[in-house]
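Examination of the molecular architecture
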Amino acid sequence: MIAEDQRCVRCGSRSVRPRTGKGRTRPYRVFAALPVPDDCLIPACRRCGAQYLDDETIAALGPVLERVYVAELQRLAALYIRRLPRRLISQRRLELLLGLSQGYLSRLAAGDGVPSAQLVLLLGHLADGAPESIENLKNFWRRQLSQTEPEQKEKDQ
C-alpha cells in the first residue's frame, strides 16, 4: 500500500512526500548553505517546495551532510593553499608558524587529510589578505612574547 501524501501547512495542498531534487541546501556546522546531494529524499511539497524534516530524515541526512562537509573543507583548503603567494612565505614556514606537522599543507593541497574548519578559515584569511595578513602572522608570536599584561589590556580597550 502506498502511503498517502501529507498536507502542506504552507500552501494547504495534499502533496507532501519524500522527494529528490536539485539545488537544495541545508545549514550544517559552519556552512549556512551546504549543498544536499540531489538523490537524497527529503519530504517536500510538490506545489510550493516547503521541506519537512522529521527525526528520521534528520538522522538519515546526518552522515550524508558530514561527507559533503568534509569534501567542502578539503576543496577549500586546497584552493586557499594554492592561492597563498609562495614568494611571501613557504609552505614549510607557514606550517611552523601555525604549529602544523611538516608536509601537512602539501597533503591538504593534494586533497588528502581532513582539515579543521578553523584551519580552512585561517588559510582563507591569509590567502585573501596577503601580503599584509602573512606579515602579521610572521610577527604575531614575536609580538606576543614582548608584550606585558598591562600593555595587552590597554590594547583591548
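See above for the structure.
Let us look at the structure shown here. All of these numbers come straight from a predicted model, not from anything done at the bench.

1. Re the packing of helix α1 (residues 55–83) against helix α4 (residues 117–129)
Between α1 and α4, the least distance of the axes is 9 Å, while the angle of their chain directions is 30 degrees. Judged by the inter-axis angle, α1 sits roughly parallel to α4. Where α1 crosses over α4, the two elements pack in a sense that is left-handed. Between α1 and α4, the contacting residues are Y69, L73, L76, A77, Y80, I81 and R83 on the first element and A117, V120, L123, G124, A127 and D128 on the second. Its residues assigned to classes, the contact of α1 with α4 comprises ten nonpolar, one polar and two charged.

2. Let's talk about the side chain of Q91
Tracing the sequence through the fold places Q91 in helix α2 (residues 91–98). There is a polar contact of 2.9 Å between the side chain of Q91 and the side chain of S106. When near neighbours in sequence (up to four residues on either side) are disregarded, Q91 contacts I81, R86, L105 and S106.

3. A look at the state of the cysteines
Put plainly, two cysteines are in a disulfide when a covalent bond ties their sulfur atoms together. All chains considered together, the criterion is met by zero disulfides. The structure places no disulfide on C8, whose sulfur is separated from the nearest cysteine sulfur, that of C48, by 3.6 Å. Exposure remark for C8: the relative accessible area of 2% places this residue in the buried category. Note on C11: no disulfide assigned, nearest cysteine sulfur contributed by C45 at a separation of 3.6 Å. Looking at C11, the relative accessible area reads 26%, which means it is partly exposed.

4. Thoughts on the pattern of salt bridges
Counted according to the given criterion, the structure contains eight salt bridges. Residue E4 is joined to R14 by a salt bridge in which the shortest nitrogen-to-oxygen separation is 3.6 Å. Taken together, the residues span a long stretch of sequence, with E4 in the segment before β1 (16–19) and R14 in the segment before β1 at a distance of ten residues. The class of R14 is partly exposed, set by a relative accessible area of 43%. Here R92 makes a salt bridge to E95, at a shortest N to O gap of 3.4 Å. Within this pair, R92 and its partner E95 are both found in helix α2, separated by three residues, close to a single helical turn. On the basis of relative accessibility, which here comes to 30%, the residue R92 falls in the partly exposed class.

The rules behind these values
- Residues numbered from 1 in each chain as written.
- Predicted model: local features only at pLDDT ≥ 70, side-chain atom pairs only at ≥ 80, totals over all residues.
- Heavy atoms only, no water.
- Axes fitted to C-alpha atoms, helices over the stretch in contact; angles between N-to-C directions.
- Helix = DSSP H or I, 4+ residues; strand = E, 2+ residues; numbered from the N terminus.
- Parallel < 35°, antiparallel > 145°, perpendicular 65-115°, else oblique.
- Left-handed = near helix turned anticlockwise from the far one by under 90°.
- Contact = heavy atoms within 4.5 Å.
- Nonpolar A, V, L, I, M, F, W, Y, C, P; charged D, E, K, R; others polar.
- Polar contact = N/O pair within 3.5 Å; in protein donor to acceptor, adjacent residues only side chain to side chain.
- Disulfide = S-S within 2.5 Å.
- Buried < 20%, exposed > 50% of the residue type's maximum accessible area, 1.4 Å probe, protein only.
- Salt bridge = Lys/Arg side-chain N within 4 Å of Asp/Glu carboxyl O.

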